[in-house]
Amino acid sequence: QKNREILMHNELFNENRVYTHNKNISKSIEDRDKDPYTFLEKAFETKNHKAIGLKLFPDHMRRNSTVHKLFDNVLVDNRIKKIILYRENHLAVCTSMLRSAVTGHYTHKNLDSTNVSFSANEFQEFINSYDEYYEYINENCTNKLNITYEDLIRDIDGTLRKICDFLGVEYELTETSSKKQSTKTLEESISNYSELDNTFAFTRYKKYFV
């Protein structure tokens, strides 16, 4: 069951496809990239919803200078509300992203059979890039609500209520169909887990190896 006051487009600026179930906007990548400003304005048009959203990832913003400028303007536009979703465990984020990249599946696919490995330097580079992106977003964002992945796990009902209050829509109790992509622990999912654990044993990142 979905909140009837919210229209969620998903990944409108994905590199390979326009992800939306809405029939009122073009799903042509060519149309979108030819005039991203008009495309986004069209996506925000509605008569039946109080809130309209899309998912935005770092690679979406950095595709080219025109799109980057577009979303720089969106970030500082106080009329547009932004929900910043952050995951505290960098090791879990890095593992999830690598497994998804290897399989080509980012949602609705169990990844328990896919293990990954990465060097300590690669993990440190990921941490730096991840934190740099969120620092940039938070410094430049107006009218924002920060939510962590861990918030949703600990108290999904309370977190969703907070989001609805922020958006100005009525909270509706829903049954979520979301499923974890993996039931395995990080130790079971990372082939060189022990090596990484030892490398980061005396750093502030040790807390991710639990």
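Look up: the structure comes first, before these words.
Treat the numbers as computed from the prediction; the structure is a model and nothing was measured. (Residues numbered from 1 in each chain as written. Predicted model: local features only at pLDDT ≥ 70, side-chain atom pairs only at ≥ 80, totals over all residues. Heavy atoms only, no water.)

J.: Looking at this model, I keep getting lost on the overall build of the protein. Mind explaining?
T.: Helix and strand counts for the protein come out as ten helices and four strands. N-terminal to C-terminal, the α/β element order of the protein is β-α-α-β-α-α-β-α-α-β-α-α-α-α. For a compact globule of 210 residues, the expected C-alpha radius of gyration is about 17 Å, and the protein comes in at 19 Å, within 12% of that figure. Its C-alpha atoms give the protein principal-axis dimensions of about 55 × 40 × 35 Å. Within the span of the protein, comprising 210 residues, buried residues form 37% of the whole. In the form shown here, the protein has an accessible surface area of approximately 13500 Å², with 49% of it arising from carbon and sulfur atoms. Taken as two groups, the 30 positive and 32 negative side-chain charges of the protein have centres that lie 5 Å from each other. (Helix = DSSP H or I, 4+ residues; strand = E, 2+ residues; numbered from the N terminus. Rg over C-alpha atoms; globule rule 2.2 N^0.38 Å. Buried < 20%, exposed > 50% of the residue type's maximum accessible area, 1.4 Å probe, protein only. Areas by Shrake-Rupley, 256 points an atom, 1.4 Å probe, with all protein chains shown as cover. Lys, Arg positive; Asp, Glu negative; His and termini not counted. Charge placed at Lys NZ, Arg CZ, Asp CG, Glu CD.)

J.: Even after reading the chapter, I still don't get helix α6 (residues 120-140), so can you show me in this structure?
T.: Counting along an α-helix, one turn takes 3.6 residues, and residues three or four places apart therefore face a common direction. The terminal C-alpha atoms of α6, which comprises 21 residues, lie 30 Å apart, in line with the 30 Å expected from a rise of 1.5 Å per residue. All buried positions along α6 are accounted for by A120, F123, F126, I127, Y130, Y133, Y134 and I137. Along the axis of α6, the buried residues cluster in a sector spanning 155°; they form a single face. With respect to the buried face of α6, the exposed residues turned more than 90 degrees away are N121, E125, E132 and E139. (Expected span 1.5 Å × (residues − 1). Arc of directions from axis to C-beta.)

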